Structure formats: structure tokens, C-alpha cells
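# Tertiary structure, described
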Amino acid sequence: MRAREIVLLLGFGLVFWVAGTLWFERTGPRVFETTAIRYWVNFILTPILSTAGCLLILLWRQIPASGWVSAILLIALPGMFGEAILLSHFSTLMPRMQEASAGRYGAFLFATYALVISIAEIVTLRTGR
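Okay, so let's go over this structure. Within each chain, residues carry numbers counting from 1 in the order of the written sequence. Predicted model: local features are reported for residues with pLDDT of at least 70 only, side-chain atom pairs are reported and counted for 80 or more only, and whole-chain, interface and lining totals are derived from all residues. Derived side-chain values reflect all non-hydrogen atoms in the structure, with water molecules and hydrogen atoms excluded from consideration.

## Some details on the layout of surface pockets
Computed from the structure, the largest pocket encloses a volume of approximately 470 Å³. In terms of lining residues, the largest pocket is bounded by 27 residues, among which Phe16, Gly20, Thr46, Ser50 and Thr112 are the most central. Secondary structure is summarised from DSSP: a helix means a run of H or I of at least four residues, a strand means a run of E of at least two, and numbering begins at the N terminus for each. Of all elements in the fold, only helix H1 (3–32), helix H2 (36–60), helix H3 (68–88) and helix H5 (102–127) reach the threshold of two or more residues within the lining of the largest pocket. The biggest single contributor to the lining of the largest pocket is H1, with 10 residues. Its residues placed into classes, the lining of the largest pocket shows 16 nonpolar, 10 polar and one charged. The pocket and cavity definitions rest on a 1 Å grid over protein atoms only: a 1.4 Å probe that fits but cannot leave marks a cavity, an open set with protein on both sides within 12 Å along at least five of seven lines marks a pocket, and residues lining either have an atom within 4 Å of a point. Grid points are joined across faces, edges and corners, and a volume is the space filled by probe spheres set on the points. Residues are grouped as follows: nonpolar covers Ala, Val, Leu, Ile, Met, Phe, Trp, Tyr, Cys and Pro; charged covers Asp, Glu, Lys and Arg; every other residue, Gly included, is treated as polar.

So this is what it looks like as C-alpha cells:
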């Protein structure tokens, strides 16, 4: 992977994380501090939609399947580092949500990153056969 592609994927990851964080800062109480049904619907849909978005980026950039896991990690890393900082300062950075929602928010993020990375890993491993 060329340096330009690496920077571009990291940039996508940063933009994706900032947009998602701003979205959940505004809508977080309606997702994390509401009914269990609303939370679980979002818990299922958000990882699926996020994964689809990331895979579309890989297809658009014509990343070979053998490089998917590396590319996905480049997209995911800015958000993973950002979320570590955000979760450690949750009440300051997510003022609309109760501090008790940090655990559910963290689980939500963990599920999203796990699905995206798992699918990329499966695709990459299958190309090695």
C-alpha cells in the first residue's frame, strides 16, 4: 500500500470517527438512555451500516482482498484512539448523556469495531487459501 493510500485511509477513519462522535453527542440520549428496544436496534444496525460504509471505501479504492485487514485497521485506528480519550473524559466530551451511559456507549463501539475488523480479517484469510 502506498503512503498516499495510507494517509487517505487514516483520513477516512478520522472523518468517520468525528462524524459518528458528533452524531452520538447529539442523539446519544435517544439511543443510550431510552428503551431497551431502541438501544438494541441501534446496537445491531450501527455496526452493520458502519461495516458497509467501510467496505464500500475499500471497494471504491480498489484495495485487494489480501490487504483488507490492513486497510480496515488504518480506518479504525483513529476512532479507536479517539474513543479511548473520549471515554476517559465522557462527561466532559458527551455532556448530553449521563455518565452511566459510557459503558453502553463503549460496548456499542466495541461491537462496531469488532464486526468491521472481523469481516476484513475473514476476507483477507480467505484470499490466502
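Following the structure, the description resumes.
## What to know about H2
With 25 residues, H2 extends 36 Å from end C-alpha to end C-alpha; this agrees with the ideal 36 Å at 1.5 Å per step. Using a 1.4 Å probe on the protein chains alone, a residue whose accessible area is under 20% of its type maximum counts as buried, one over 50% counts as exposed, and one in between counts as partly exposed. By the burial criterion, the buried members of H2 are Tyr39, Phe43, Thr46, Pro47, Ser50, Thr51, Cys54, Leu55, Ile57 and Leu58. Any two residues whose heavy atoms approach within 4.5 Å at even a single point are treated as in contact. Looking at the buried positions of H2, the neighbouring elements they touch are H1, H3 and H5. Gln62 sits one or two positions beyond H2 and adopts a positive phi of about 55°. For a helix, the expected span equals 1.5 Å multiplied by the number of residues minus one.

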